[in-house]
Amino acid sequence: MNRMGAKSAKLRKLPPFLTVSLLRFNFDFEKCERYKETSCYTFPIQINLRPFCEQTEMDDSEYMYELFSVIIHKGGCYGGHYHVYIRDVDELGNWQLQEEEDRLIEDKALRDIKNAKEIENPLAVLKGILAEEESKQIPVDQLGQKLLEKKGVSWNKKYRKQYGALRKYLQNHPQIFQFSPDENKVGLKEKHKLLFKSDSQGQDLQSSPHKNDVQWNSEKTLTRLRDGSAGCHWFDLNDSKVQPIKEKDIEKQFQGKESAYMLFYRKSELKRPPEARGNPRYQIPEHLLNEMNAANTELQKKRAECDSANNGIDLHLHLSSCYKFHNGALHPSLTWKESVVDLTIDRRKTLGDLRQSVFQMLESWEGDMILSIAKPLPAGLHLYQILDGDELTLDGIGLADGADLFVWNGKEVGGTKVMTGPDHEPVVINVLHLAEYNEGGKGQHFTESQHVFSCSTKVGDLHTALAPSGGIILKNGSGLDKEAKNWEVFREEDMKETVKSVGLTDGCSVLILDSHDQSFVNVSSGNLTAFTYDISWLQVKNFCRTDGDEKHVKITATIETVMSDIKRKAIRELQLEEELANDSCLRPISGNGKLLSPVPEDYTVKEAELKMGSLLGLCHGKAPASTQLFLYFIVGSDQNASPEMEIVVEETVSVKECLNLMLEKSGLSGDNWHLRRIDWCYEAGEALSQENATLKELNVCRGDTLVIMEGKLPPKGFLKIPIWWLKSSSHKKRGENAQDQVNGMTCKMDALQVSPSGDSPEYIHPDMDLCYAGSIEIAGEASLEDLKMQAMTLPCCQERIVPLPSFLRAWTVDSKRPGKLLRNNKQQLDDYKLGGRVEICIEPLQKEEHLGPQDLLLRVQMGIPGERDYYSSTDLVWDISKECTTWALRQRVASHYCLPVDKIEIAKYFPERFEWLPISSWTQQISKRKRKKKQESLQSAPYHLKDGDIIGVKNLLLDDAKDFSTVRDDIGKEKQRQLALEKKKSRQAERLQDHVFSEEKLNIKHRKPEVALSINVGVFR
């Protein structure tokens, strides 16, 4: 037979203190990890242990425990923070919560606000009026009158804007007000009248003690609160932060990440001795008391230092005995440190305290002591108001940290009377005079000096002190670097104004002009016609004399001076014939001594873009007018073969007319010529293809250099394209010596350096098997198929049998090799963005070819086993639409040669460096993380795979050598190394020769003339 049983334990003896651990930390055997129990566990403030004891006959007080401390853990099982709640058993402090004291104040404020709102609320006012009436209802008009008598203001004036008309307001509250059947009278409903009377009586009872000035209610409440909470205060001890808490706040620690960890109970019958109440030193060891006293002393010291730092201000005292007054301001007679005394004082102290402190610092001071606020200005130290009122605080009078104070007798400094206040501030003014002469024509063109005036000085007194008789003064409040229009003349009516009223402040400039300098001033407008920085000189060198005497003079000018005036002054200074003015011109001289294009005589210095101090040459010949262009031109792109010539043409002439004039001057004839601009490399650049356009429309400027080139330009919209024939790409015959082949190629390269524009039909392009076939003119709107058809009509191509254009492959020529592959026979040539200097090579095919946009054409060649050479290359078309990676390429090459993928090695050839770059093996180990990423494309670095690249292949079944280089590569690298050494030796020899014959070589070295830099940005895809 089964019986229910219970197992338990009883306590035989109870301790005075009971410690309970809540075992918040546990271990999960399924997950094999620690965790913290954050579930709810409630515990009482008081607990009776009688049910758990063996002896239960004692009094209840023997079994009662009360909570006096709780240790709280915040965080998880792997880290966190502990703090503790402790009950103030010994009543060591007033732990009254601030919010409880604030609540008493807030309650009173809320009652006051509520009463005020009730007074302002029309509902309460109307209810009060109707409740006072003995009759049940009164007329609505009479209610409005009673409201006026009680409030002193009518309904319409006070409430109508917010609540509407009185009758309508009453009708909107039917639950309170009751109208008569004719709606002329109104009254309160019975229940509201009774409620209003009871509320009024209750308010009278509560307000009566206040009327007798006896605040017993609040005092009694506060006393009861304090008595009831005595010994029950709790506080939170959290590191160095201690703050009171409510007892009910302990309930928040029942659960959660921040929850109770250990509980401490004490017997309720345990009573602290009377001497422990409010005594924090009770039974504290002596050494701990000493440590506490030392810590409190240090804390008080830190508080004092913090208070001093927050309220202390540093004042700079300037002593009058160390200053002298001159040039309108105070200046130290000694160094700044010796003239200034620093004083630190509390801002809460009074001016009398400050004065007493200064007296104590300056024991030798005699007589009255006046403290004035001082301010350092550009002119010196200036004094403002005198500090008065010893009872005022320093903060109250506005003394800030770092303020300057001047200590003096209030009358004079060093026997000189000092004017104080903002009306006598000294102002530093820059006074400028035009310089009589300036060597080199550069830099400063005036003399400058600084003067100090009081801001209350009259402008007339300023004029008398600075300007000579007959002189004028101009001001510039915007500084020296501004334009001439900012300079204004002081008029007669300005002479009565003060310096401050006319806007002169520190740093402003005034210009003093003598009577002979006043030609720069427009008296009618009062403005300066030329800015002082622009008044300078130009140097003119004489090139008109043939006796070799090249004398040069300096001519005074401004940026607005006309070039014809400069030329006349130069002829007069050089003592030349006056008739020369009609048959001469001024030409700027460049840094290397070249005469540049003449300057039109009706140009100003500014329009001619001349810098002050520039060197000009006075030469024979008339200067071009402002509507004419002075141009340089050469025949052919080789400057050494053709001398540079000059010509003056109208800017409105067309390109064709300009070409004819240049051909006539150079002695050439025919119409098989065209004009090109010179580029930044001083080579023939952009062609002037619009023959009927004017030079002005094409932005041809004065001083430009044009090149006359042989050959006629194609019509507008047409392209003139040189055509090359790409021979078979087969390599040397087997058995041919590699050294002989390289030597033969070198001889071919050296012998056949012929321009494509020549008449040689069998020109072989260096470095490649290219044969020049001729040139064609074709419209830009034509298709690639039309270009191939037209190329097939050239004499060189007619010898070869080509069935259809699809049997031809078109390439652009780039760096003497096939460059970009042109696809899609139906696409227009303009869509390829070929440019005006493109060359096309045509490659014949054995079968038709239609390459798609994602097809990559490669030249693959298999290595010859046992030899450092390759079989003839074959074309391989590789679809890269899916991927262009090493693995995909190896698969495509292996399938092309019917070999296993792991039995081949491949590499890309760089012919310009004679180097092979192996394409890494597909069997390399790749981590999982890298395998997830998309593999890099072979079209990016370092392979940059493109159409026409050569791919070398090694068959590991027959040849295990992984060296892809050939004998031709070794010879090519050796030749490159020898060429580099020869260039290095030649450069060293040139540097040595330049060092030995530097002066001689500078005189004979031909320097190309300076040209403007022109950058044309094309269309990028």
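Everything below is about the structure printed above this text.
### Brief notes about the overall build of the protein
Each helix and strand in the protein was counted, giving 21 helices and 48 strands. Taking contacts inside the protein between residues at least 6 apart in sequence as the whole, the part at least 24 apart equals 67%. Here the protein has roughly 62400 Å² of accessible surface; of this, 50% comes from carbon and sulfur atoms.

### Here we look at a nonpolar patch on the surface
A contiguous nonpolar patch, built from I284, L288 and M292 and spanning about 220 Å² of accessible area, is present on the exposed surface. Structurally, I284 can be placed in the loop between β12 (258–267) and α9 (286–311).

### Details of the nonpolar core
Formed by 31 residues in total, the largest nonpolar core has its most connected members in L354, L399 and F406. Elements with a minimum of two residues in this core: β13 (312–319), β16 (340–346), α11 (351–361), β17 (370–377), β18 (380–386) and β19 (404–408). With near-sequence residues (within four places) excluded, F406 lies in contact with H318, L319, S320, Y323, L330, I370, L371, S372, A374, L381, L383 and V413. Residues W725, L794, L822 and L834 belong to the second largest nonpolar core, which totals 26 residues.

### Description of the pairing of strand β42 (residues 817–822)
Pairing between strand β41 (residues 808–814) and β42: four bridges, direction antiparallel. In the sheet register, V813 faces β42, and the bridge partner there is P818.

### Overview of the environment of M789
Here M789 is to be found in helix α16 (residues 784–791). With 15 residues separating them in the primary sequence, M789 and L804 have C-alpha atoms 8.3 Å apart.

### A closer look at helix α12 (residues 459–466)
Of all the residues in α12, the buried ones are V459, G460, L462 and L466. When α12 is viewed along its axis, its buried side chains cluster within an angular range of 160° and face the same direction. The exposed set on the far side of α12, more than 90 degrees from its buried face, consists of T464 and A465.

### A closer look at the sheet that holds strand β34 (residues 645–650)
In spatial order, the strands read β34-β33-β37-β35-β36; together these five strands make up an open sheet with mixed pairing. Of all strands in the sheet, those bounded by a partner on one side alone are β34 and β36 (684–687). Strand-to-strand, the axes of this sheet are offset by a mean angle of 45°, without reference to chain direction. Sheet analysis places strand β33 (residues 628–635) next to β34, joined by six bridges and oriented antiparallel. Pairing of L631 across the sheet is with I647, part of β34. Contacts between helix α14 (residues 655–666) and the sheet are confined to β33, β34, β35 (673–678) and β37 (705–710), with β35 contributing the most and set at about 100° to the helix.

### Some details on the side chain of N311
Tracing the sequence through the fold places N311 in helix α9. N311 sits in the buried class, given a relative accessible area of 16%. Leave out the neighbours within four places in its chain, and N311 touches I345, D346, R347 and R348.

### A few points about α16
Buried within α16 we find L784, L787, K788 and A791. One side of α16 carries all its buried residues, which in axial view fall inside an arc of 100°.

### Regarding the environment of A608
As for its placement among the helices and strands, A608 is situated in the loop between β31 (584–588) and β32 (615–620). Sequence spacing of A608 and P598 is ten residues, and the spatial spacing of their C-alpha atoms is 9.8 Å. Ignoring anything within four residues of it in the chain, the contact list for A608 reads V599 and Y603.

### Looking at the packing of aromatic side chains
Any aromatic ring pair is given by two values, namely how distant the centres are and how the planes are angled relative to each other. Under the counting rule described, the total for this entry stands at 16 aromatic pairs. For the ring pair Y159 and Y163, a centre distance of 6.1 Å and an interplane angle of 55° mean the geometry is tilted. When its relative accessible area of 4% is taken as the criterion, Y159 is described as buried. You can call Y163 partly exposed: its relative accessible area is 29%. Measuring from ring centre to ring centre gives 5.6 Å for Y323 and F406, while their planes differ by 80°; the resulting arrangement is edge-to-face. On the criterion of sequence distance, the pair formed by Y323 in strand β14 (residues 323–326) and F406 in strand β19 is long-range, its members being 83 residues apart.

### Brief notes about a positive patch on the surface
A cluster of basic residues, K983, K984, R987 and R991, forms a positive patch at the surface. Topologically, R987 is positioned in helix α20 (residues 967–996).

### Considerations on the sheet that holds strand β9 (residues 185–188)
Read from one edge of the open sheet, three strands run β7-β9-β8, paired in antiparallel fashion. Both edges of this open sheet fall to β7 (138–139) and β8 (177–179), since each of them pairs with a single strand only. Direction of pairing for β7 relative to β9: antiparallel, over a ladder of two bridges. Bridging from a neighbouring strand, I138 pairs with V186 of β9. Strands in contact with helix α2 (residues 122–132) are β7, β8 and β9; relative to β9, the strand with the most contacts, it is inclined by about 95°.

### Description of the packing of α2 against helix α3 (residues 140–151)
Interaxial distance between α2 and α3 falls to 10 Å at its minimum, and their mutual angle equals 105°. Classified by the interaxial angle, the pair formed by α2 and α3 is roughly perpendicular. Across the interface between the two elements, V125, L126, I129, L130 and E132 of α2 pack against L143, K146, L147, K150 and K151 of α3. The class makeup of the residues in the contact of α2 with α3 is six nonpolar, no polar and four charged.

### Considering the pairing of strand β40 (residues 770–779)
The side chains of a regular strand alternate, first on one face of the sheet and then on the other. Counting buried positions over the ten residues of β40 gives seven, a clear majority of the element. Strand direction decides the pairing type here: strand β38 (residues 718–726) and β40, joined by nine bridges, are antiparallel. Note that in β40 the partner of K720 across the bridge is E777.

### Comments concerning unusual backbone geometry
The step from A941 to P942 runs through a cis peptide bond, and the omega angle for that step is 5°. Its location among the elements puts P942 in the loop between α19 (928–932) and β48 (950–955). Phi angles above zero are rare outside glycine, and L23 is one such case at about 50°. Counting through the fold element by element, L23 comes out in the loop between β1 (17–21) and β2 (25–28). We classify L23 as exposed; its relative accessible area is 65%. Residue Q283 is not a glycine yet carries a positive backbone phi of 55°. Relative to the elements of secondary structure, Q283 occurs in the loop between β12 and α9.

### Some points on the environment of K567
Structurally, K567 can be placed in helix α13 (residues 563–573). With relative accessibility at 4%, the residue K567 sits in the buried group. Along the backbone, K567 and L618 are 51 residues apart, and their C-alpha atoms lie at a distance of 7.8 Å. Apart from the residues lying within four places of it in its own chain, the contact partners of K567 are A581, S584, C585, L586, E601 and L618.

### A short note on the pattern of salt bridges
What the rule picks out here adds up to 32 salt bridges. Across the pair D395 and R347 runs a salt bridge whose closest N-O atoms are separated by 4.0 Å. With D395 in the loop between β18 and β19 and R347 in the loop between β16 and α11, the pair connects residues that are 48 residues apart, well separated along the chain. On the basis of relative accessibility, which here comes to 46%, the residue D395 falls in the partly exposed class. The salt bridge partner of D869 is R968, with a shortest N-O separation of 3.4 Å. Here R968 lies in helix α20 and D869 lies in the loop between β44 (855–862) and β45 (874–879), a separation of 99 residues in the sequence. The exposure classification of D869 matches that of R968, with both residues buried. Put simply, R809, E843, E849, R859 and D875 are held in one network by salt bridges that share partners.

So, how was this worked out
Residues numbered from 1 in each chain as written. Predicted model: local features only at pLDDT ≥ 70, side-chain atom pairs only at ≥ 80, totals over all residues. Heavy atoms only, no water. Helix = DSSP H or I, 4+ residues; strand = E, 2+ residues; numbered from the N terminus. Contact = heavy atoms within 4.5 Å. Areas by Shrake-Rupley, 256 points an atom, 1.4 Å probe, with all protein chains shown as cover. Patch = residues over 30% accessible without salt bridge, like charges linked within 9 Å, V, L, I, M, F, W, Y side chains within 5 Å. Salt bridge = Lys/Arg side-chain N within 4 Å of Asp/Glu carboxyl O. Core = buried A, V, L, I, M, F, W, Y, C linked by side-chain atoms within 4.5 Å. Buried < 20%, exposed > 50% of the residue type's maximum accessible area, 1.4 Å probe, protein only. Pairing = 2+ DSSP bridges. Arc of directions from axis to C-beta. Axes fitted to C-alpha atoms, helices over the stretch in contact; angles between N-to-C directions. Phe/Tyr/Trp six-rings, centres within 6.5 Å; stacked < 30°, edge-to-face > 60°. Lys, Arg positive; Asp, Glu negative; His and termini not counted. Charge placed at Lys NZ, Arg CZ, Asp CG, Glu CD. Parallel < 35°, antiparallel > 145°, perpendicular 65-115°, else oblique. Nonpolar A, V, L, I, M, F, W, Y, C, P; charged D, E, K, R; others polar.

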